[in-house]
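Descriptive structure summary
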Amino acid sequence: MRELAAIDREMRTQLKLHATPALQSSKGMGPIFQATSLALLPELGMLTRHQIGKLVGIAPMNRDSGQMHGKYRICGGRAPVRVALHMATLSAVRWDPMMRAHYQQLRVRGKLGKVALVACIRKLLTIVNARRRMSCGTPKAA
């Protein structure tokens, strides 16, 4: 129990030193998401939205072969970051009015719950990436 408390204190100390306002800019982006993104996604803010989506594994990948056109699915990428982002998005969809409206709009248009949630995950990652780029002064990646 003492080890867990010591790790938690160290994590909070490191977050105070390295976290930017971009990582705290929306509902749902708690200390776990911040620590995960800082540790496992150092490219955040340096890539385009397409590149960062593919790196995390939330970009829709086609399943086409010849004449067959399959469903688009997400796959690959950095699973721990994707899990932290998924949990942050669940909270954001519940408490952030902008994300809730986006999710509900997708559901009204007939999207399945998981599909709408993945779209919200992609939107949240894009927002965090853009805000991180602006706060760090990193030029837009080509």
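In what follows, the accompanying structure is described. Sequence order as written defines the numbering, with residues in each chain counted from 1. Whole-chain, interface and lining totals are the exception, using all residues; otherwise, since this is a predicted model, local features are given only for residues with pLDDT of at least 70 and side-chain atom pairs are given and counted only at 80 or more. Water and hydrogen atoms play no part in the side-chain values, which are based on all heavy atoms of the structure.

Things to note about the overall build of the protein
Under the convention used in this document: Helix and strand assignments come from DSSP, with helices taken as H or I runs of at least 4 residues and strands as E runs of at least 2, each series counted from the N terminus. Contacts between residues were defined by any pair of non-hydrogen atoms, one from each residue, lying within 4.5 Å. Accessible areas in this description were obtained via Shrake-Rupley with a 1.4 Å probe; residue shielding takes into account the shown protein chains only. Counted charges follow a simple rule, with Lys and Arg positive, Asp and Glu negative, and His plus the chain ends left uncounted. By convention, the charge on Lys lies at NZ, on Arg at CZ, on Asp at CG and on Glu at CD.
Looking only at helices and strands, the protein has six helices and zero strands in total. Counting helices and strands in the order they occur from the N terminus, the protein gives α-α-α-α-α-α. The principal-axis extent of the C-alpha atoms belonging to the protein is close to 55 × 35 × 30 Å. The contacts of the protein with a sequence gap of at least 6 include a subset with a gap of at least 24, amounting to 54%. Of the roughly 9300 Å² of accessible surface on the protein, a fraction of 59% belongs to carbon and sulfur atoms. Charge centroids of the protein, computed over 24 positive and 6 negative side chains, lie 11 Å from each other.

Regarding the pattern of salt bridges
Note the following rule: Put simply, a salt bridge is a Lys or Arg side-chain nitrogen that is within 4 Å of an Asp or Glu carboxyl oxygen. Note on classification: 1.4 Å probe, protein chains only; a residue is buried when its accessible area is under 20% of the maximum for its type, exposed when over 50%, partly exposed between these limits.
Tallied over the entire structure, the rule returns two salt bridges. Linking Asp-8 and Arg-12 is a salt bridge whose minimum nitrogen-to-oxygen distance equals 3.6 Å. Note that Asp-8 and Arg-12 are positioned in helix α1 (residues 2–18) at a spacing of four residues, about one turn of the helix. Residue class for Asp-8 comes out partly exposed when judged on its relative accessible area of 33%. Between Glu-43 and Arg-78 there is a salt bridge, and its shortest N-O distance comes to 2.8 Å. Of this pair, Glu-43 sits in the loop between α2 (31–40) and α3 (49–56) while Arg-78 is found in the loop between α3 and α4 (79–95), placing the two residues 35 residues apart along the sequence. Glu-43 sits in the partly exposed class, given a relative accessible area of 23%. For Arg-78, a relative accessible area of 26% puts it in the partly exposed group.

Purely geometric numbers; function is a separate question.
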